[in-house]
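Each chain, letter by letter, is given below.
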Amino acid sequence: TYSTQKGFYEKIGRQVTARGQIVLNQKNTIAGNVTMSGLPFTQSNEAGSYSAVYAGYGGLMALTAGTSFAGYTNLNETTVTLTLWDNTAGINTFTASNINNGMNIVFALTYMV
């Protein structure tokens, strides 16, 4: 369950900039890979036009020291694949095991439609 799901966007031509905050009260029965959905417009389907998602703040995640939280848009979708990466393990998918009750993410992304 969420205590906060806020998002804002600006669209100029084909470019969309979105930002927001997600605060998860209870993890409940979340399992497997975790994605973020509900972007205001569908990401372009042009080859190689993925866009990065940046987290300016991430709290109450189960991460090892030195791990960064990020993500990327999925072509022709309104979803984001969430990722983790570090120098040792490389890039991995963000999963339910990385979530704790009270997780808080502040994010931003710019993508093309």
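Heads up: these notes are all about the structure in this document.

What counts, and at which threshold
Residues numbered from 1 in each chain as written. Predicted model: local features only at pLDDT ≥ 70, side-chain atom pairs only at ≥ 80, totals over all residues. Heavy atoms only, no water. Core = buried A, V, L, I, M, F, W, Y, C linked by side-chain atoms within 4.5 Å. Buried < 20%, exposed > 50% of the residue type's maximum accessible area, 1.4 Å probe, protein only. Helix = DSSP H or I, 4+ residues; strand = E, 2+ residues; numbered from the N terminus. Contact = heavy atoms within 4.5 Å. Phe/Tyr/Trp six-rings, centres within 6.5 Å; stacked < 30°, edge-to-face > 60°. Lys NZ or Arg CZ within 6 Å of the ring centre and 35° of its normal.

Observations regarding the nonpolar core
For step 1, the next point in the chain: Ranked by size, the top nonpolar core spans 20 residues in total, and within it Met36, Phe69, Leu82, Phe94, Met103, Phe107 and Leu109 carry the most contacts.
For step 2, the next point in the chain: Put simply, the parts of the chain that give this core at least two residues each are β2 (15-24), β4 (52-61), β6 (79-86) and β8 (99-112).
For step 3, the next point in the chain: With six residues, β8 is the largest single contributor of residues to this core.
For step 4, the next point in the chain: Aside from chain neighbours lying at most four places away, what touches Phe107 is Ala18, Arg19, Gly20, Gln21, Ile22, Met36, Val53, Tyr54 and Ala55.

Focus: the packing of aromatic side chains
For step 1, the next point in the chain: Under the counting rule described, the total for this entry stands at three aromatic pairs.
For step 2, the next point in the chain: Ring geometry for Tyr9 against Phe41: centres 5.4 Å apart, planes inclined by 85°, an arrangement best described as edge-to-face. On the criterion of sequence distance, the pair formed by Tyr9 in strand β1 (residues 2-12) and Phe41 in the loop between β3 (35-37) and β4 is long-range, its members being 32 residues apart.
For step 3, the next point in the chain: On the basis of relative accessibility, which here comes to 48%, the residue Tyr9 falls in the partly exposed class.
For step 4, the next point in the chain: The class for Phe41 is partly exposed, based on a relative accessible area of 26%.
For step 5, the next point in the chain: Taken together, a centroid distance of 5.1 Å and an interplanar angle of 75° make the contact between Phe69 and Phe94 edge-to-face. Residue Phe69 is found in strand β5 (residues 68-73), and its partner Phe94 is found in the loop between β7 (90-93) and β8; the two are separated by 25 residues along the sequence.
For step 6, the next point in the chain: Judged by its relative accessible area of 0%, Phe94 is buried.
For step 7, the next point in the chain: Directly above the aromatic system of Phe41 lies the positively charged group of Lys11, at a separation of 5.4 Å from the ring centroid.

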